[in-house]
Amino acid sequence: MYPDVRVVAQREREKPEPTVTEFRTTLDESLTDCQWAALETAYLAGFFEWPRNSTGEDVAASLGVSPPTFHQHLRRAQSKLLGTFFDR
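Cut-off values and rules
- Residues numbered from 1 in each chain as written.
- Predicted model: local features only at pLDDT ≥ 70, side-chain atom pairs only at ≥ 80, totals over all residues.
- Heavy atoms only, no water.
- Axes fitted to C-alpha atoms, helices over the stretch in contact; angles between N-to-C directions.
- Helix = DSSP H or I, 4+ residues; strand = E, 2+ residues; numbered from the N terminus.
- Parallel < 35°, antiparallel > 145°, perpendicular 65-115°, else oblique.
- Contact = heavy atoms within 4.5 Å.
- Polar contact = N/O pair within 3.5 Å; in protein donor to acceptor, adjacent residues only side chain to side chain.
- Expected span 1.5 Å × (residues − 1).
- Buried < 20%, exposed > 50% of the residue type's maximum accessible area, 1.4 Å probe, protein only.
- Arc of directions from axis to C-beta.

Engineer: So what exactly am I meant to see when it comes to the packing of helix α2 (residues 33-44) against helix α4 (residues 67-86) here?
Structural biologist: Each packed pair of helices is defined by two parameters, the angle between the axes and the distance between the axes. Running from N to C, α2 and α4 point in directions that differ by 90 degrees, and their axes come no closer than 8 Å. Between α2 and α4, the interaxial angle falls into the category roughly perpendicular. Two secondary-structure elements touch here, α2 through Cys34, Gln35, Ala38, Leu39 and Ala42 and α4 through Phe70, His73, Leu74, Arg76, Ala77, Gln78, Lys80 and Leu81.

And the structure:
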């Protein structure tokens, strides 16, 4: 397309690892309010502990949604969280 142009140098740079703040910002921008609420509430309620301190039904009730709705928001939030972590 540009016959008179020639490349004089090529450099490869490694992308630096994101800071904690950058990671959180990226995650915050990707999650909906419902996904964030489901993830945070589940975490604070001990849903991820073993044995669990609360069930999905308990967390759903505290959010005022049905268990399938809670699980849908939670799974999408987990997917985005893991994608943000692994897809650097």
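Engineer: What's the story with the side chain of Ser54 in this structure? I'm lost.
Structural biologist: Structurally, Ser54 is set in the loop between α2 and α3 (56-63). Within polar-contact distance, the side chain of Ser54 engages the backbone oxygen of Ala45 at 2.9 Å. Ignoring any residue separated from it by four or fewer positions in sequence, one finds Ser54 in contact with Ala45, Gly46, Phe47 and Val59.

Engineer: Mind showing me how you'd approach α4 here?
Structural biologist: Residues that lie three or four places apart on an α-helix share one face, since the helix turns once every 3.6 residues. Its 20 residues place the ends of α4 28 Å apart at the C-alpha level, agreeing with the 28 Å of an ideal helix rising 1.5 Å per residue. Residues of α4 that are buried: Phe70, Leu74, Ala77 and Thr84. Buried positions in α4, seen along its axis, are confined to an arc of 90 degrees and lie on one side of it. In α4, those exposed residues whose orientation departs by more than 90 degrees from the buried face are Pro68, Arg75 and Phe86.

The values reported here are purely geometric and, on their own, carry no functional implication.
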